[in-house]
Amino acid sequence: MSNFEVRTYDAAGRLGELTVPRAGVTVETPTLMPVVNPHVQTVAPSTLESEFGAEILITNSYILHGSDELREPAVERGLHDLLDFSGAIMTDSGSFQLAEYGEIDVTTEEILTFQYDIGSDIGTPVDIPTPPDVAREQAVDEQETTQERLERATEVDTGEMLVTAPVQGSTHPDLRERAAREAAGTGLDVFPLGAVVPLMNEYRYDDLVDVVAACKRGLGERGPVHLFGAGHPMMFALAAALGCDLFDSAAYALYARDDRYLTVRGTEQLDDLAYFPCECPVCTAHEPDAVRSMADDDREELLARHNLHVTYGEIRTVRQAIRGGNLLELVDARARGHPTMLDGYRTLLDHAAQLERTDRVSKDAFFHTSTESARRPEVLRHQQRLDRFELAGDEVLLTEGGSNSDYDETWGVVPPFGPYPRGLSETYPLTAEVPDRTDRRAYEVAADGVARLVDLHPDVSFTLVHDDWPATALERVPDRVRLRDLHARE
Ligand SMILES: [Zn+2]
């Protein structure tokens, strides 16, 4: 029985439900797991639950295990009572500390048992977080160790507690894919994609997309997938479009401590803000000047609250976009926030065939909002499926204008999709809203569609009537197609 159920897809993004039996709750995904430091709570877990609607949070069992002050209370009272939180609680194992400090003093068996003993709902083995860009041999060695520990984790008696199977493999896509396949093979429950924080810190969203896409190929449709350490709302849409379901945020608190203010387009410094570009309760009730002059603790808490509002707001925006079938429009919009996000979006579209596998066949509308839109999975699918249609005769007209009875059959043509049987003109995605001043790329991709149809029918004679296509598009149309300009005719 899987604990994760997908309700609907958009690209590889999914609206899902994660059932957490030990907590007795079902968590809607994609979602955010705020990171709660057992020692320092910038915003109390009960407030996360009551004011921000947090259904799940994450805390570090290794810190609790190592704390003389908190270890006994955690075991005696349980995490839910200790933190005063009734939703689902996931615990990390100390792998992060392993990555930061080089060693930790617990085994997977010990820490999983401890997580079980303190009432964790989702526990984590001690994996080896292999950083980006390491040599292949190191990545292979460490991934094999991680896999052994995942297999040992399946032997530990953890009752109803779900257990995660972290996926490592550094920036080697084939190793990530293999690690993911092996992690999925353990039958464990949640799949964190590990050691991606350095990529996000360095704004390497293109490499991040390649890593996540590789992991997803290995995992197939298993889930939920947790993008470990991803807490900045600017990249939620991009990560969700790849099929990430869980994000965790320490950023809301860490950034607040440094007077950093999160937005969906990036990070601002409080010092640089004359206005708060946000409608949350914090920003509507305060002016930046007033916040700057507050005591450190008060300022930190207010900024943390704003950061949480923005972060949960973006989670809701992503969910609504998946439901409405316009997640890629959202990714497109968010990609304009930073050049490296645009690199991430363009890299996402390199994986259009992978996204296409789960993308919905029908949605409300396709908005062609940028030159990248021509590379979306809907365009790819339309052109791949041209082989499903028969042609009625030897003389076929492909036209942006009206039909013509001189031909055996008339097909429509529309950028960026290319040719289509006229009967489909009212079906998604051919109902796309395309700007009148379309970019050159859309015509070029339409020309590629013409070329594909022509190649599929070597014995048919084609005429293409186009509306002033640029030369770079026309040169992609096979030579044997007769060309006419729509307005130059007659
Ligand atoms: Zn705000």
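In what follows, the structure referred to is the one given above.
None of these values were measured; they are calculated from a predicted model.

Cut-off values and rules
Residues numbered from 1 in each chain as written. Predicted model: local features only at pLDDT ≥ 70, side-chain atom pairs only at ≥ 80, totals over all residues. Helix = DSSP H or I, 4+ residues; strand = E, 2+ residues; numbered from the N terminus. Expected span 1.5 Å × (residues − 1). Buried ≥ 20, exposed ≤ 12 C-beta atoms within 10 Å, placed from the backbone. Pairing = 2+ DSSP bridges. Axes fitted to C-alpha atoms, helices over the stretch in contact; angles between N-to-C directions. Contact = placed C-beta atoms within 7 Å. Parallel < 35°, antiparallel > 145°, perpendicular 65-115°, else oblique. Left-handed = near helix turned anticlockwise from the far one by under 90°. Nonpolar A, V, L, I, M, F, W, Y, C, P; charged D, E, K, R; others polar. Core = buried A, V, L, I, M, F, W, Y, C linked by C-beta atoms within 7 Å.

Novice: So what's going on with helix H10 (residues 205–219)? Which residues, and what values?
Specialist: Relative to the 21 Å expected for 15 residues at 1.5 Å per residue, H10 spans 21 Å between its end C-alpha atoms, a close match to the ideal helical length. Judged by how many residues are buried, H10 sits mostly within the fold: 13 of 15 residues are covered. Of the residues flanking the end of H10, it is Gly220, one or two places downstream, whose phi is positive at about 65°.

Novice: Describe the sheet that holds strand E14 (residues 395–399), and please don't skip the residues or the numbers.
Specialist: The five strands lie next to each other as E16-E15-E14-E17-E18, forming an open sheet whose pairing is mixed. Every interior strand has two partners, whereas the edge strands, strand E16 (418–421) and strand E18 (482–485), have only one. Strand-to-strand, the axes of this sheet are offset by a mean angle of 25°, without reference to chain direction. In this structure, E14 lies alongside strand E17 (residues 461–466), joined through five bridges in parallel fashion. Note that in E17 the partner of Leu397 across the bridge is Thr463. In the packing of helix H20 (residues 440–456) onto the sheet, the strands contacted are E14, strand E15 (409–414), E16 and E17, and the crossing angle to E16 comes to about 55°.

Novice: Explain helix H15 (residues 296–324) residue by residue, including any values.
Specialist: Residue pairs spaced three or four apart in an α-helix point in one direction, given the helix's 3.6 residues per turn. Taking 1.5 Å per residue, 29 residues should reach 42 Å; H15 reaches 41 Å between its end C-alpha atoms and fits that length. With its phi angle positive at about 70°, Gly325 sits one or two positions after the end of H15.

Novice: Any details on unusual backbone geometry? Residues and values, ideally.
Specialist: Note that the residue after Pro415, namely Pro416, is joined by a cis bond; omega there is 0°. Tracing the backbone shows Pro416 in the loop between E15 and E16. Looking along the chain, the bond that leaves Tyr428 and enters Pro429 is cis, with omega of 5°. In this structure, Pro429 sits in the loop between E16 and H20. Notably, Asp133 is not glycine yet its phi reads approximately 70°, a positive angle. Structurally, Asp133 is set in the loop between strand E7 (122–123) and helix H7 (136–153). Look at Asp133 and you get partly exposed, because 13 C-beta atoms sit within 10 Å. Despite not being glycine, Asp468 has its phi angle at roughly 60°, a positive value. Tracing the chain through its elements places Asp468 in the loop between E17 and helix H21 (471–474). Taking the C-beta count within 10 Å as the criterion, Asp468 has 10 such neighbours and is therefore assigned exposed.

Novice: So what's going on with the packing of helix H6 (residues 108–117) against H7? Which residues, and what values?
Specialist: With their axes 10 Å apart at the nearest point, H6 and H7 run at an angle of 45° to one another. Taken as axis vectors, H6 and H7 run oblique relative to one another. The element H6 and its partner H7 pack so that their crossing is right-handed. Across the interface between the two elements, Thr108, Glu109 and Leu112 of H6 pack against Arg149, Arg152 and Ala153 of H7. A class-by-class count of the residues in the contact of H6 with H7 yields two nonpolar, one polar and three charged.

Novice: Describe in detail the sheet that holds strand E1 (residues 4–10), supporting the description with residues and values.
Specialist: Spatial ordering of the open sheet is given by E1-E2-E3, a layout of three strands whose pairing is antiparallel. Of all the strands in the sheet, the pair left with one neighbour each is E1 and strand E3 (25–29). Adjacent strand axes in the sheet meet at a mean angle of 15° when their direction is disregarded. Judged from the six bridges that link them, E1 and strand E2 (residues 13–20) form a sheet pairing that is antiparallel. In the sheet register, Val6 faces E2, and the bridge partner there is Gly16. Each of E1 and E2 is contacted by H15, which is oriented at about 115° to E2, the strand it contacts most.

Novice: Describe the environment of Glu314, listing the residues and the values that go with them.
Specialist: Along the chain, the position of Glu314 falls in helix H15. With 282 residues separating them along the chain, Glu314 and Leu32 place their C-alpha atoms 9.9 Å apart. Residues within four places of Glu314 in sequence aside, it is in contact with Pro233, Phe236 and Val264.

Novice: Can you break down the nonpolar core residue by residue, with the values?
Specialist: If you look at the biggest cluster of nonpolar residues, it comprises 108 residues, and the most contacted ones within it are Val212 and Ala241. Setting aside residues no more than four positions away along its own chain, Ala241 makes contact with Ala11, Ala12, Gly13, Leu327, Leu328, Val331 and Leu348. With 25 residues, the next largest nonpolar core counts Val379, Leu386, Val414 and Trp469 among its residues.

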